Amino acid sequence: MSASDTRRIETPVRKRPSRLSILIRQRPEIVIAPIGLVLFIIGWEWSVVWLKVPTYILPTPSQIGTALMKGLNAGWDDRGGYWLHTRVTLSQILLGFVAGSGAGLILGTVISQFRLLEATLRIYLVAIQSLPKIALAPIIVLWFGFGLTSKVVIIALLTFFPLLVTSLAGFRAVDRERLELMRALGAGPWTVFWKVRVPSALPYIFAGLEMASVFSIVGAVVGEFVGAQLGLGTLILSMTAQMDMSGTFSVFIILSVIGIGMHSILKAVQRRVLFWTDAEATAEPPPEG
Amino acid sequence: MPAIGRIKDTMEAPPIIRIDHVDKIFTTVAQEKIQALSDISLSIADGEFVTIVGPSGCGKSTLLKILAGLQRATSGVVELDGTPVSAPRRDIGIVFQNPVLFPWRTILENVLLPAEVQGRPMAAARARARELLAMVGLADFEKKYPMELSGGMQQRAAITRALVNDPRILLMDEPFGALDAMTREQMNLELQRIWGESRKTVVLITHSIPEAVFLADRVIVLSARPGRIARIIKVDIPRPRSMAVLSDPAFARVCGEIRKLLYGVEDEAGAAGGGLS
């Protein structure tokens, strides 16, 4: 039955439940989550005021909001405002993310196509992966200076391994039956690669990209902590030095927005590319026989 | 016993498949040798429906993979249409126990995969795929994704995929083993109909004795490892066969004979009636 039929029958007598109310009934969390957030902010505001917590320990949400507006109202190239620093940090994140995850993906893909190469390198890759690469940040700043390059290198280093490891795992996890089918059809290695291996590895690769997006923000901030002239990390450092907690918290908000933005873009791409994975993960496993 | 006859390798029509003294020995990592198949000789006529039954691990699947060119016999010769099989061939369609449909492709795209891989003209292949999908009752599902279809429908799509390049030979490795009993009976009727319409040579492996007898012109009974041909049983029940055949005394007699070969005893209760699974 189509929606128009229902409308024709019911409109004269009483109102049909609106689309919004149906949505709310099906997914109550879309109402509960924002209400919870508002309650949390109000509770925070009041408790800070009532308990007389000094602003340099914990600011109220309204102070943070004021600081955020002030920072955003500054000029595009104002060193005291947020736009310049956000721009610097964001470009470092994007450059490092693309370079690091791209290199990891390409290398992982190439290595996974050669079994001996993969087997030989695996032990070293695992060893390097378990190193805390963030500890290299001071050395990298020393090598590449206080500018953009050192941050991009740190971020690239951090995002390289998630992609390397997940693409190796993804290309290894190709279903054997699919490969056998392709072999029975007489498919060459190139055809098998594009028609089976790449689609099979994509869910793993997207998991790697998601990890890498988080690491890239961490890398940018840590890199800027270690040594930089511009960027949100330097802003946090100078604000905490001046006991400007509201300012520091407002920078956190900008960093979260960057994080949420990257996550949403990745998710949107993933939904288009991997529309089939949800169902596959929940599908019943085929019985043995 | 007119319904059951042991026949020799000589068939009326020239064989499309000739298996001559095939052995298959696997070597494990520990260098142990395991004999999977022993001295298999068999000829299959063009258009014939042959089923292979045998206990688990008797090498049924290995034999099918050798026919498909996916594995090589350790010794002996396998010829299709007079030429030895050494690699996968284009005139063979293969159906596995699982549908093995790619979840990122629609049903039509899945069915077209063999045509795509083998670089056939796509317009003609698409027309043929639609025709076949209509034949198996999936005409309205060509734009759906595999996950939106039931197990039986997925397996029908897999059979369609095997038929899209019009192979002369259809190899099926327990194609209905993962389906429930009712779907399985339907699929058996449908396969009989498809075979009747397309006149392919079909080699089907199953662990269900009634299914083997229901579908076959001849049932090849393999013994336990190493798999060797215990007996070849001709099924003379006229076609098209309906599910009523299941309670036919001749049908029960053939099933009973196979059971006796496989288990050593004739299971009277199980021989008559029952489903195909």
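Owing to the predicted nature of the structure, the values given are computational and were not obtained by experimental measurement. (Residues numbered from 1 in each chain as written. Chains lettered and ligands numbered in written order. Predicted model: local features only at pLDDT ≥ 70, side-chain atom pairs only at ≥ 80, totals over all residues.)

Help me out: how do you make sense of the overall build of chain B in this one?
Helices and strands together make up the secondary structure of chain B, namely 9 helices and 11 strands. Relative to its length of 277 residues, chain B is compact, with a C-alpha radius of gyration of 19 Å against a globular reference of 19 Å. Dimensions of chain B along its principal axes, counting C-alpha atoms only, are 50 × 45 × 40 Å. Scored against the burial criterion, the 277 residues of chain B give a buried share of 44%. Counting contacts in chain B only where the partners sit at least 6 residues apart, residues at least 24 apart contribute 71% of the total. (Helix = DSSP H or I, 4+ residues; strand = E, 2+ residues; numbered from the N terminus. Rg over C-alpha atoms; globule rule 2.2 N^0.38 Å. Buried ≥ 20, exposed ≤ 12 C-beta atoms within 10 Å, placed from the backbone. Contact = placed C-beta atoms within 7 Å.)

Help me out: how do you make sense of the overall build of chain A in this one?
Secondary structure summary: chain A contains 13 helices and 0 strands in total. For 289 residues, the compact-globule estimate of 2.2 N^0.38 gives 19 Å, and the C-alpha radius of gyration of chain A, at 25 Å, exceeds that figure by more than 25%. Buried residues in chain A amount to 29% of all 289 residues.

Sorry, what's going on with the domain arrangement of chain B here?
By a widely used convention, the size of an interface equals the accessible area lost when the partners come together. All names here are of chain B. As assigned here, chain B comprises domain 1 (4–91 + 168–265) and domain 2 (102–166). Just the C-alpha atoms count here: the centres of domain 1 and domain 2 sit 25 Å apart. Residue-level contacts link 12 residues of domain 1 with 9 residues of domain 2. Per-element tally for the side of domain 1 that touches domain 2: the top contributor is helix α6 (residues 181–198), with 6 residues. Within the side of domain 1 that touches domain 2, the residues separate by chemical class into 7 nonpolar, 3 polar and 2 charged. (Domains from an automatic or database assignment. Nonpolar A, V, L, I, M, F, W, Y, C, P; charged D, E, K, R; others polar.)

Can you help me understand the interface of chain A and chain B in this one?
The interface is formed by 19 residues belonging to chain A together with 20 residues belonging to chain B. Going through the elements one at a time, α9 (176–184), α10 (189–226) and α13 (277–282) of chain A are the ones with two or more residues in the side of chain A that touches chain B. The biggest single contributor to the side of chain A that touches chain B is α9 of chain A, with 7 residues. Split into classes, the residues belonging to the side of chain A that touches chain B amount to 11 nonpolar, 3 polar and 5 charged.

Looking at this structure, I do not really get the domain arrangement of chain A. What am I missing?
When its domains are assigned, chain A resolves into domain 1 (17–49) and domain 2 (71–274). Computed from C-alpha coordinates alone, the two centres of domain 1 of chain A and domain 2 of chain A are separated by 33 Å.

What should I look at first to understand the sheet that holds strand β6 (residues 83–84) of chain B in this one?
By way of backbone hydrogen bonds, the strands of a sheet pair with one another, either parallel or antiparallel. Residues and elements named next belong to chain B. Pairing is antiparallel in the open sheet, where 4 strands are placed in the order β3-β2-β5-β6. The sheet terminates laterally at β3 (33–45) and β6, the two strands that pair on one side only. Where strand β2 (residues 15–27) lies against β3, 9 bridges are found, and the strand directions are antiparallel. Directly across from Pro15, in β3, lies its bridge partner Ala45. (Pairing = 2+ DSSP bridges.)

How do you make sense of the packing of helix α7 (residues 137–144) of chain A against helix α8 (residues 148–172) of chain A when you look at a structure like this?
The relative placement of two packed helices comes down to the angle between their axes together with the axis-to-axis distance. Residue and element names in this part refer to chain A. Axis separation between α7 and α8 bottoms out at 8 Å; the angle between their running directions is 145 degrees. Along this stretch, α7 crosses α8, giving a crossing that reads as right-handed. Each of Ala137, Ile140, Val141 and Phe144 in α7 lies in contact with α8, whose residues at this interface are Thr149, Ser150, Val153 and Ile154. In terms of residue class, the contact of α7 with α8 is built from 6 nonpolar, 2 polar and no charged. (Axes fitted to C-alpha atoms, helices over the stretch in contact; angles between N-to-C directions. Left-handed = near helix turned anticlockwise from the far one by under 90°.)

Explain the confidence of the model for chain A here, please?
It should be kept in mind that the predicted coordinates are not to be read in detail where pLDDT is low. Residue and element names in this part refer to chain A. Within chain A, residue pLDDT values average 88, and 91% of them lie at 70 or more. Of all helices and strands in chain A, the one with the weakest mean pLDDT is helix α1 (residues 3–10) (48), whereas helix α5 (residues 83–112) scores best (95). The low-confidence segment residues 1–11, where pLDDT is below 50, has 4 contacts with residues more than four positions distant or belonging to other chains. Low pLDDT, under 50, characterises residues 279–289; the predicted model gives this stretch 11 contacts beyond four residues in sequence or across chains. (pLDDT = per-residue confidence, 0-100.)

Where do I start with the pairing of β2 of chain B in this structure?
Consecutive residues of a regular strand have side chains that alternate between opposite faces of the sheet. All names here are of chain B. Where β2 hands over to β3, the hairpin turn is made up of 5 residues, of which Gln31 adopts a positive phi near 65 degrees. Where β2 lies against strand β5 (residues 75–80), 5 bridges are found, and the strand directions are antiparallel. Considered in β5, the bridge of Ile19 is made with Val78.

Could you clarify how one ought to interpret the nonpolar core in this entry?
Generally speaking, nonpolar side chains in soluble globular proteins are found buried as a group. All names here are of chain B. Ranked by internal contacts, the top residues of the largest apolar core, which has 87 residues, are Leu67, Leu171, Val203, Val213, Val219 and Ile258. Tallying contributions element by element places helix α8 (residues 249–263) first for this core, with 6 residues. Once residues lying within four places of it in the same chain are set aside, the contact partners of Leu171 are Leu64, Leu67, Ala68, Ile92, Ile94 and Val203. (Core = buried A, V, L, I, M, F, W, Y, C linked by C-beta atoms within 7 Å.)

Explain the packing of helix α4 (residues 61–73) of chain A against helix α12 (residues 245–273) of chain A here, please?
Residues and elements named next belong to chain A. The geometry of α4 relative to α12 is characterised by a closest axis approach of 8 Å and an angle of 70 degrees between their N-to-C directions. For the element pair α4 / α12, the angle class is roughly perpendicular. Between α4, through Gln63, Ile64, Thr66, Ala67, Leu68 and Gly71, and α12, the contact on the second element is made entirely by Ser246, Gly247, Phe249, Ser250 and Ile253. Broken down by class, the residue content of the contact of α4 with α12 amounts to 5 nonpolar, 6 polar and no charged. (Parallel < 35°, antiparallel > 145°, perpendicular 65-115°, else oblique.)

Sorry, what's going on with unusual backbone geometry here?
Most of the time, phi is negative for any residue but glycine, and the peptide bond is trans. Residues and elements named next belong to chain B. Of note, the bond from Arg239 into Pro240 is cis; its omega dihedral lies within 30 degrees of zero at -5 degrees. Position of Pro240 relative to the elements: it lies in the loop between β11 (229–235) and α8. Backbone geometry at Gln31 places phi at a positive 65 degrees, although glycine is not the residue there. Within the secondary structure layout, Gln31 lies in the loop between β2 and β3. C-beta crowding within 10 Å serves as the criterion here: with 6 such atoms nearby, Gln31 is assigned to the exposed category. The phi dihedral of Glu174 is positive, around 45 degrees, even though this residue is not glycine. Position of Glu174 among the secondary structure elements: in the loop between β8 (169–173) and α6. A tally of 21 C-beta atoms within 10 Å means that Glu174 is categorised as buried.

Help me understand the environment of Gly81 of chain A, please; the structure alone is not making it clear to me.
All names here are of chain A. Turning to its location among the elements, Gly81 is positioned in the loop between α4 and α5. Given 17 C-beta atoms within 10 Å, Gly81 falls into the partly exposed group. Between the alpha carbons of Gly81 and Pro59 there is a distance of 19 Å; along the sequence they are 22 residues apart. Contact partners of Gly81, with chain neighbours within four places excluded, come to Gly71, Ala74 and Gly75.

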